[in-house]
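Coordinate inspection notes
Next come the chains, spelled out residue by residue.
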Protein chains: 2
Amino acid sequence: MIRTYIADNEPRFLEELFSLIRIPSVSSDSNRKSDMLRCAERWKELLLSAGVDRAEIMPSAGHPLVYAEKIIDPQAKTVLIYGHYDVMPAEPLELWKSAPFEPEVRDGHIFARGADDDKGQSFIQAKAFEFLVRHNLLRHNVKFILEGEEEIGSPSLESFLEANKSLLQSDIILVSDTSMLSKDLPSLTTGLRGIAYWEVEVTGPNHDLHSGHFGGAVANPIIVLSEMLAKMIDERGRVTIPGFYDDVEELSPEERAMIASIPFDEDAYRKALDVEELRGEEGYSTIERNSCRPAFDVCGIWGGYTGEGAKTVLPSKAFAKVSTRLVPHQDYNKIAQQFCDYFQSLAPKSVKVEVRFLHGGHGYVCPIDLPAYRAAERGFEKAFGRRPLAVRRGGSIPIIADFERVLGQKTILMGFGLESNAIHSPNENMPLDLFRKGIEAVAEFHIAFDELVK
Amino acid sequence: MIRTYIADNEPRFLEELFSLIRIPSVSSDSNRKSDMLRCAERWKELLLSAGVDRAEIMPSAGHPLVYAEKIIDPQAKTVLIYGHYDVMPAEPLELWKSAPFEPEVRDGHIFARGADDDKGQSFIQAKAFEFLVRHNLLRHNVKFILEGEEEIGSPSLESFLEANKSLLQSDIILVSDTSMLSKDLPSLTTGLRGIAYWEVEVTGPNHDLHSGHFGGAVANPIIVLSEMLAKMIDERGRVTIPGFYDDVEELSPEERAMIASIPFDEDAYRKALDVEELRGEEGYSTIERNSCRPAFDVCGIWGGYTGEGAKTVLPSKAFAKVSTRLVPHQDYNKIAQQFCDYFQSLAPKSVKVEVRFLHGGHGYVCPIDLPAYRAAERGFEKAFGRRPLAVRRGGSIPIIADFERVLGQKTILMGFGLESNAIHSPNENMPLDLFRKGIEAVAEFHIAFDELVK
């Protein structure tokens with residue numbers, strides 16, 4: 001029945017999704033405030049038409065949130081669905097094959113910024129809900145909360161949760177914002193990494209200098225920044241921040257064995273990225289490195305002359321955006337301070353260094369014996385024909401840990417993305433096949449939830 | 001007489017100079033081709049009105065050159081004056097107190113891109129010539145050649161010189177494109193550093209990745225580039241390129257003593273740059289480091305996300321613009337290859353590295369017993385009231401070495417800049433006082449030249 005419903009309604013589903021995608025809701029861009037509001041309003045309309053009793057746009061310290069609910073019975077269980085309507089910047093634009101905010105279906109994929117992360121995936125939740133409502137299959141309450149600041153670290157969400165605890169009261173939280181191992185290997189995410197993100201600024205001389213007149217006598221801030229960044233990872237691939245590994249939970253032999261059993265073709269992974277060699281922490285496999293171990297990355301760097309041709313300048317400043325991915329038990333607040341102290345300590349007296357902590361979030365682990373987790377397994381099994389693997393992933397959804405702490409509930413991460421969906425990259429996409437199976441899996445989750453969660 | 005002439009004509013001089021400055025002749029910007037031509041044409045007009053017999057715009061492989069001459073007598077000696085009409089980009093624009101291409105006089109200084117380098121200084125040459133012509137004091141031939149590619153390394157000049165050897169035949173070459181030790185310490189530049197300039201590109205994965213999904217498992221090209229750049233200078237402040245110092249002429253004890261005698265307040269220098277410590281090659285003084293010793297600088301760096309806010313990306317590429325300043329006897333072609341080989345050798349297998357050599361130029365030394373050099377000394381003495389010091393400078397005018405090799409003549413570097421003129425930087429300026437003294441010094445050079453050079 002659900003499959004027929006999806007097939008019959010697909011043209012409408014796509015038109016609705018595309019209407020969301022066409023609004024460039026880039027949360028990090030301060031020029032996009034009106035687009036953010038437009039996108040929230042469009043979500044409100046779509047949730048109302050999907051069957052909620054009530055939907056509203058709620059202000060926060062930053063971009064507004066969309067709240068919606070369908071209350072079947074105040075005494076019934078409640079599923080709180082979280083998603084986000086903001087997207088990453090689309091740059092570099094020249095690498096997109098079609099315009100990032102003009103969705104296009106090619107070869108069975110929807111191509112657009114947000115096609116997966118997270119407009120596409122949140123929309124899957126909305127359409128599964130719509131199916132249940134229209135067929136009178138919903139036996140529990142459903143609440144939706146869609147925020148507009150996930151891609152900038154959800155700075156306003158925690159206080160929003162604190163202020164709206166009773167409104168957001170639930171028995172489980174459901175999120176579609178993660179990916180599966182592969183198209184044919186459905187998986188549920190049971191762990192996420194935390195994050196801490198900083199911008200650093202290294203100042204040498206107080207103005208740009210002629211590199212001929214000063215070069216050799218005055219510290220070059222780009223070279224100093226390079227030296228400092230080069231010190232952040234040692235020869236064994238370990239982050240050098242003192243105390244960084246103190247709270248890292250080492251993987252048990254059992255968990256390592258389970259990870260080793262996940263089908264993974266390292267050669268294909270390497271070739272897909274077109275790199276001759278991978279690189280990471282000594283003593284850990286690639287999957288361990290990108291999901292269960294902490295990591296240090298430089299997300300951006302700039303300074304001096306970056307235009308066409310050659311300008312001989314000894315610049316005044318150099319900047320970098322740096323981040324660490326953290327594992328459960330690492331406290332991002334503690335890491336934030338440790339990095340700040342350490343990075344300052346690396347600075348020679350020939351420069352001044354500023355470290356600005358931009359945002360952070362804790363990691364998360366979900367126990368696989370939770371009844372709601374088993375309902376999610378059943379949903380995947382119905383849609384994909386096989387039981388999903390339980391895997392820890394390397395990405396961060398810092399607010400999942402906030403949900404647990406503030407709202408007191410665990411989160412089930414029913415994500416339908418693929419690594420090839422290129423989220424945060426040019427040509428982000430969502431295979432239509434997964435879009436359909438996602439709606440089916442979520443609908444089946446709700447049905448199984450009523451049976452398994454008493 | 002010359003001082004009266006300068007005072008009487010100053011308003012006109014400034015109007016003429018400003019008409020050159022207002023044309024944004026940024027040679028590195030391919031969108032500025034028509035401005036380049038407009039600037040060359042304006043120079044032609046101004047040289048004709050200053051008194052040359054003939055002026056024309058001559059094509060080259062790149063931006064055109066302006067050639068002009070006044071032939072008093074084919075048998076007489078000839079002074080060839082070189083300058084350049086192109087300027088550096090004005091970025092970062094927000095740091096300018098007045099618009100870079102709208103010259104403004106404030107506190108006795110002309111503020112504008114090109115006020116010194118090299119529109120202001122070349123214009124000094126033109127006005128000294130004008131004075132001599134109008135007062136019938138010129139006893140030798142004068143030729144002018146103004147190029148439009150100095151700031152991008154004069155890629156077309158060498159073949160232009162080769163093709164126009166007889167047209168450019170002279171007995172000495174005169175250039176105003178350098179600076180003095182200070183306002184009260186006139187000096188003539190007797191040495192220049194060479195240069196080699198590259199752009200490097202480090203590619204990790206073939207597209208930008210989500211740093212959560214891949215961070216820790218895939219080499220980050222910004223970190224790899226930082227590590228490679230950090231290896232370029234060792235703990236003693238020496239460039240690590242193998243063979244880099246092979247041809248470096250060590251300073252003689254006599255020359256070091258002369259350099260040590262130059263009045264130099266290191267504390268004031270440090271404070272003017274607002275740095276707590278200077279940094280450079282162990283065992284050498286600041287003046288030696290920035291003028292007589294080779295140096296390695298990174299002029300620009302970029303990669304990944306550099307916009308507002310936080311984007312969690314593991315970028316595909318990182319870039320840097322790097323340069324070395326070379327001393328006489330270091331061959332930039334050899335260094336170009338040495339750097340390329342060495343930088344490639346530093347690359348781990350997890351990335352691909354491309355090195356693009358952008359341009360290079362040889363260093364230069366002028367003997368201080370040359371009669372034309374003594375004429376220049378006399379010019380300075382008349383204008384500034386004291387004999388100029390002979391100093392080597394850290395900047396590069398690669399074509400000075402080309403002049404010697406192709407045209408067979410030494411160059412006298414009569415520069416009237418100051419370090420505080422901020423060339424290549426925001427708020428470039430020229431003190432009016434030096435502008436006036438420059439015209440006087442050049443006019444007196446020509447008069448002394450007739451006496452000293454037989």
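Below you will find a few notes about this structure. (Residues numbered from 1 in each chain as written. Chains lettered and ligands numbered in written order. Predicted model: local features only at pLDDT ≥ 70, side-chain atom pairs only at ≥ 80, totals over all residues. Heavy atoms only, no water.)

Structural notes on helix H6 (residues 221-230) of chain B
All names here are of chain B. Burial analysis of H6 places 10 of its 10 residues in the buried class, the great majority of the element. Among the residues making up H6, those that are buried are Pro221, Ile222, Ile223, Val224, Leu225, Ser226, Glu227, Met228, Leu229 and Ala230. The residue sitting at the N-terminus of H6 and contributing the capping side-chain oxygen is Asn220; that oxygen lies 2.9 Å from the backbone nitrogen of Ile222. (Buried < 20%, exposed > 50% of the residue type's maximum accessible area, 1.4 Å probe, protein only. Helix = DSSP H or I, 4+ residues; strand = E, 2+ residues; numbered from the N terminus. Polar contact = N/O pair within 3.5 Å; in protein donor to acceptor, adjacent residues only side chain to side chain.)

Remarks on the packing of aromatic side chains
Per the counting criterion, the structure on display carries 38 aromatic pairs over all chains. Pairing B:Tyr82 with B:Phe403 gives two aromatic rings, centres 5.3 Å apart and planes at 70°, and the pair type is edge-to-face. Of this pair, B:Tyr82 sits in strand E3 (residues 78-84) while B:Phe403 sits in helix H12 (residues 398-407), placing them 321 residues apart in sequence. The residues B:Tyr82 and B:Phe403 share a single accessibility class, namely buried. Summarising the aromatic geometry, the rings of B:Trp198 and B:Phe339 are spaced 4.3 Å apart at their centres and angled 35° between planes, so their arrangement reads as tilted. With B:Trp198 in strand E9 (residues 194-203) and B:Phe339 in helix H10 (residues 332-346), this pair connects stretches of sequence that are 141 residues apart. In this structure an aromatic cluster arises from ring pairing among A:Tyr5, A:Phe13, A:Trp43, A:Phe123, A:Phe131 and A:Phe435. Over the ring of A:Phe111 we find A:Arg106; its NZ or CZ atom is 4.1 Å from the centre of that ring. Lying across the ring of A:Tyr245, A:Arg238 places its NZ or CZ 4.0 Å from the centre. (Phe/Tyr/Trp six-rings, centres within 6.5 Å; stacked < 30°, edge-to-face > 60°. Lys NZ or Arg CZ within 6 Å of the ring centre and 35° of its normal.)

Quick look at the nonpolar core
Judged by nonpolar contacts, the single largest core of 90 residues is most densely connected at B:Trp43, B:Leu47, B:Ile400, B:Phe403, B:Ile412, B:Met414 and B:Phe435. For B:Ile412, the contacting residues outside a window of four places in its chain are B:Ile172, B:Ile173, B:Leu174, B:Val175, B:Leu188, B:Cys366, B:Leu370, B:Ala372, B:Tyr373 and B:Ala376. Counting residues in hydrophobic clusters, the runner-up holds 89 residues, among them A:Ile2, A:Ala68, A:Leu80 and A:Ile124. (Core = buried A, V, L, I, M, F, W, Y, C linked by side-chain atoms within 4.5 Å. Contact = heavy atoms within 4.5 Å.)

A closer look at helix H2 (residues 33-50) of chain A
Residue and element names in this part refer to chain A. When the terminal C-alpha atoms of H2 are compared, their 26 Å separation across 18 residues agrees well with the 26 Å that a helix rising 1.5 Å per residue should span. Along H2, the positions that sit buried rather than exposed are Asp35, Met36, Cys39, Ala40, Trp43, Leu46, Leu47 and Ala50. Buried residues of H2, viewed axially, fall in a sector of 140°; they line one side. Exposed residues on H2 whose side chains face more than 90 degrees from its buried face are Lys33 and Ser34. (Expected span 1.5 Å × (residues − 1). Arc of directions from axis to C-beta.)

A short note on the relation of the copies chain A and chain B
Rotating chain A by 180° and translating it 0.0 Å along the rotation axis places it on chain B, where the RMSD comes to 0.1 Å. Given the turn and translation reported, the copies of this chain are related as if by a two-fold rotation axis. (Least-squares fit on C-alpha atoms with pLDDT ≥ 70 in both.)

Quick word on the state of the cysteines
Residues and elements named next belong to chain B. The tally for this structure, following the rule as stated, stands at 0 disulfides over all chains. Counting only cysteine sulfurs, Cys366 is the nearest neighbor of Cys292, a cysteine outside any disulfide, at a range of 15 Å. A disulfide-free cysteine, Cys340 has its sulfur positioned 17 Å from the sulfur of Cys299, the nearest such atom. (Disulfide = S-S within 2.5 Å.)

Re the sheet that holds strand E5 (residues 109-111) of chain A
Residue and element names in this part refer to chain A. What the 3 strands build is an open sheet, ordered E4-E5-E18; its pairing is antiparallel. Of all strands in the sheet, those bounded by a partner on one side alone are strand E4 (104-106) and strand E18 (429-431). Mean inter-strand twist for the sheet, computed between neighbouring axes without regard to direction, equals 25°. Of the strand pairs in this sheet, E5 and E18 are connected by 3 bridges, and their pairing is antiparallel. Following the sheet pairing, Phe111 is matched in E18 by Asn429. Of the strands in this sheet, E4, E5 and E18 are in contact with helix H13 (residues 432-452), which crosses E18 at around 65°. (Pairing = 2+ DSSP bridges. Axes fitted to C-alpha atoms, helices over the stretch in contact; angles between N-to-C directions.)

Describing the interface of chain A and chain B
Taken together, the 87 residues of chain A in the interface contact 87 residues of chain B. Note on chain A versus chain B: buried area summed over both sides is about 7600 Å², and carbon and sulfur give 54% of it. Among the residues chain A hides against chain B, the three largest losses belong to A:His213, A:Arg279 and A:Lys311. Together they make up 10% of the total. Remark: the boundary between chain A and chain B carries 4 salt bridges. (Buried area = accessible area lost by both parts, 1.4 Å probe. Salt bridge = Lys/Arg side-chain N within 4 Å of Asp/Glu carboxyl O.)

Considering the packing of helix H6 (residues 221-230) of chain A against H6(B)
As a packed pair, H6(A) and H6(B) sit with axes 8 Å apart at the nearest point and diverge in direction by 115°. As the angle between them shows, H6(A) and H6(B) are arranged roughly perpendicular. Regarding H6(A) and H6(B), the two cross each other, and that crossing is left-handed. Contacts between H6(A) and H6(B) pair A:Ser226, A:Glu227, A:Leu229 and A:Ala230 from the former with B:Ser226, B:Glu227, B:Leu229 and B:Ala230 from the latter. Taken together, the residues that form the contact of H6(A) with H6(B) break down as 4 nonpolar, 2 polar and 2 charged. (Parallel < 35°, antiparallel > 145°, perpendicular 65-115°, else oblique. Left-handed = near helix turned anticlockwise from the far one by under 90°. Nonpolar A, V, L, I, M, F, W, Y, C, P; charged D, E, K, R; others polar.)

Here's the deal with the environment of A:Arg374
All names here are of chain A. Of note, Arg374 is situated in helix H11 (residues 371-384). Since its relative accessible area comes to 37%, Arg374 is described here as partly exposed. When the C-alpha positions of Arg374 and Phe449 are compared, they lie 8.4 Å apart, and in sequence the two are 75 residues distant. Excluding anything up to four places from it in sequence, Arg374 contacts Ile368, Asp369 and Leu452.

Considerations on the packing of helix H3 (residues 119-134) of chain B against helix H13 (residues 432-452) of chain B
Residue and element names in this part refer to chain B. Two elements in contact, H3 and H13, have axes separated by 8 Å at closest approach and are oriented at 50°. Accordingly, the angle class assigned to the pair H3 and H13 is oblique. The crossing of H3 and H13 is right-handed. Counting all contacts with H3, which are made through Gly120, Phe123, Ile124, Gln125, Lys127, Ala128, Phe131 and Leu132, the residues of H13 involved are Leu434, Phe435, Gly438, Ile439, Val442, Ala443, His446 and Ile447.

Overview of the sheet that holds strand E14 (residues 352-361) of chain B
Across the sheet, which stays open at both edges, the 8 strands sit in the order E14(A)-E9(A)-E13(A)-E11(A)-E11(B)-E13(B)-E9(B)-E14(B) with antiparallel pairing between neighbours. The open sheet is flanked by strand E14 (352-361) of chain A together with E14 of chain B, the only strands paired with a single partner. Each strand of the sheet is rotated relative to its neighbour by a mean of 20°, with strand direction disregarded. Sheet topology places strand E11 (residues 295-304) of chain B next to strand E13 (residues 317-326) of chain B; 8 bridges connect them, and they run antiparallel. Across the sheet, B:Ala295 pairs through a bridge with B:Arg325, a residue of E13(B). Relative to E14(B), H10(B) is tilted by about 165°, and along the sheet it contacts E9, E11, E13 and E14 of chain B.

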